[in-house]
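Tertiary structure, described
These are the residues of each chain, in order.
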Amino acid sequence: MHPDLSPSEWRRQLTRRSFLSAGVQGIGTVALSSLLSKDLFAAKPDAIGTLPGLPHFAPKAKRVICLWQGGGPSHVDLFDHKPTLEKEAGKDIPASIRGDTRLSSMSSGYAKWPAVPAIKPFARHGQCGRELSTLIPHIGSIADEICVVRSMNTEAVNHAPGVTFFMTGSQIPGRPAVGAWLSYGLGTMNEDLPSYVVMTSSDKTKTCGQLFFEHYWSNGFLPGKHQGVRFRGVGEPVPYVSNPAGVNPAGRRTMLDDLQALNREHFAIAGDPEIDTRISQYEMAFRMQSSVPDLLDFRNEPKAVLEMYGPDVLTPGTFANNCLIARRLAERGVRFTQLMHAGWDQHNNLFTQLENQCRDTDQPSAALVKDLKQRGLLDDTLVIWGGEFGRTPFGQNQQGQGYKGRDHFGRAYSWWLAGGGGKKGHVYGETDDFGWNVAKDSVHIHDMQATLLHLCGINHEALTFRYQGRQFRLTDVHGKPVKGIMA
């Protein structure tokens, strides 16, 4: 019973909903209140809200920046040179290679499977001699810093399920995203900014119709404060953070104090953890009124740094601008920064759009790695670059327009990673001569998730959350850390 309510008033307010809520949650209210206590959440020297027992071992990466390339970058055009495609150009890829590969409905019924070679030459880069497309010379310039994984694979054949699969561990929406898991397990290193930030961008010509669904950065069944906060490239970066007209900071502070008192009373009655989330998010929004403007003030950025990111760096909403913000978020201790860039879905415009897309993303991606390194942040910042799948080694003849593109392809594709304990100047995994099947050292989506968590000091099998009667984890019941891509 609430101490300030009489027995009759308590009975009057005890509705069926509150009774059920109390029945489910009330028994655990005392324990929950303890868990929410900062004393029990024994903070690591550089983190607040870390779960007891985490990290499980010394992390190589304190923070992660995910450079998500939505639509499916073509591995055979960018990262995995296949001379056989040149030799066999125009000829059908043999059935012995194709096997029973699952393809999208756009190409699964094809009668012809003409091999299409890379649209631009490859060249060797760095002391490691990494062979990469001439379409990405800036990424080539960091070849000695990155680990190229050429054996990625997934069951997904369409965009939304593919993105959801890596982000949440399931092709079906509803589970927490990887950034939410890291925020939940490792806490925050900066109370003035969210621990999980998301930014989106698209190709300049807007040829790609990929949508950014909010479940790509959802907290799922984890407490709401671990949901990713999206920074917009148009208008206010974060909606509703600024004070309304006529409200000054002192007035807003007084209102929040009163609102917090009411919410704490409600929490004492109902024990609903979402009330605690509401309190913490109001406080975060108040602190972001000063931290976000400081984050986005580029006046002190050296000219040489801005030039390194390319001509679009000061244009809000561009991939280059988002990459610069990602570096500034890393400096401020944001745990997980998720940049999502659309435009890689080249079904019938591969020969024109791929070059444009590389022009938008190549220089900023490489600049971010270089910038982190020159500031001493790369060693403990993991940068990952990749999409939901690759593209078919055969040409796609969409609606009889000729073989002008490539379809979705999850059987084998490429990613790269840098910093944060990744192996430098290394290539891991191989595909066959056509770039169709993984020939050596397969890396499934769940394996990459397990590796990411491992580099952050987390045993992926031990970071779990009980929901609907079972223990859930990011990697579901699969995955293993890939030692071959870790330094």
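Description of the layout of surface pockets
Put simply, the second largest pocket is a space of about 450 Å³. Surrounding the second largest pocket, 18 residues form its lining, Val 229, Pro 239, Gln 281, Tyr 282 and Ala 285 being those nearest its centre. Elements with a contribution of two residues or more to the lining of the second largest pocket: helix H10 (249-270) and helix H11 (273-295). If one sorts the elements of the lining of the second largest pocket by residue count, H11 sits on top with seven residues.

Overview of empty space enclosed by the protein
Tallying each qualifying case throughout the model produces one cavity of 30 Å³ or more. If you add up the space inside the largest cavity, you get close to 30 Å³. Where the lining of the largest cavity is concerned, the elements lending two or more residues are H10 and H11.

Description of the confidence of the model for the chain
Put simply, the chain has an average pLDDT of 90, and 90% of its residues get 70 or more. Segment residues 19-45 is flagged for pLDDT under 50; beyond a separation of four residues in sequence, or across chains, it makes 29 contacts in the model.

Remarks on the pattern of salt bridges
The full count for this structure, using the stated rule, is 30 salt bridges. Note that Lys 424 and Glu 145 form a salt bridge whose closest N and O atoms lie 4.0 Å from each other. Of the two residues, Lys 424 sits in the loop between strand E13 (413-418) and strand E14 (426-428) while Glu 145 sits in the loop between helix H7 (137-140) and strand E4 (146-153), which places them 279 residues apart along the sequence. One salt bridge in this structure joins Arg 253 and Asp 257, with 2.9 Å as the shortest N-O distance. In this pair, Arg 253 and Asp 257 are both assigned in helix H10, four residues apart and thus about one turn of the helix distant. Look at Arg 253 and you get partly exposed, because its relative accessible area is 22%.

A few points about the pairing of strand E8 (residues 381-386)
Of all the six residues making up E8, six are buried; the element is thus mostly covered by neighbouring parts of the structure. As defined by bridge partners, E8 adjoins E13 across three bridges and the pair is classed as antiparallel. Within E13, the residue paired with Ile 384 across the bridge is Leu 417.

Looking at the nonpolar core
Leu 67, Phe 231, Val 383 and Trp 416 are the most contacted members of the largest nonpolar core, which totals 52 residues. With eight residues, the top contributor of residues to this core is helix H14 (residues 350-374). Excluding residues that lie within four positions of it along the chain, Val 383 makes contacts with Ile 65, Leu 67, Val 369, Leu 372, Leu 378, Trp 416, Leu 417 and Ala 418. Listed in part, the 50 residues of the second largest apolar core include Ala 61, Trp 68, Trp 181 and Val 198.

Topic: unusual backbone geometry
Cis geometry is found at the peptide bond from Leu 54 to Pro 55, where omega equals -5°. The phi torsion at Asp 441 lies on the positive side, around 60°, for a residue other than glycine. Along the chain, Asp 441 turns up in the loop between strand E16 (438-440) and strand E17 (443-444). With a relative accessible area of 33%, Asp 441 lands in the partly exposed category. For Asp 476, which is not glycine, the phi dihedral falls at a positive 60°. Within the element layout of this structure, Asp 476 appears in the segment after strand E19 (470-472). A relative accessible area of 17% places Asp 476 in the buried class.

Cut-off values and rules
- Residues numbered from 1 in each chain as written.
- Predicted model: local features only at pLDDT ≥ 70, side-chain atom pairs only at ≥ 80, totals over all residues.
- Heavy atoms only, no water.
- 1 Å grid on protein atoms, 1.4 Å probe; cavity = no way out; pocket = protein on both sides within 12 Å on 5 of 7 lines; lining within 4 Å.
- Points joined across faces, edges and corners; volume = space filled by probe spheres on them.
- Helix = DSSP H or I, 4+ residues; strand = E, 2+ residues; numbered from the N terminus.
- pLDDT = per-residue confidence, 0-100.
- Contact = heavy atoms within 4.5 Å.
- Salt bridge = Lys/Arg side-chain N within 4 Å of Asp/Glu carboxyl O.
- Buried < 20%, exposed > 50% of the residue type's maximum accessible area, 1.4 Å probe, protein only.
- Pairing = 2+ DSSP bridges.
- Core = buried A, V, L, I, M, F, W, Y, C linked by side-chain atoms within 4.5 Å.

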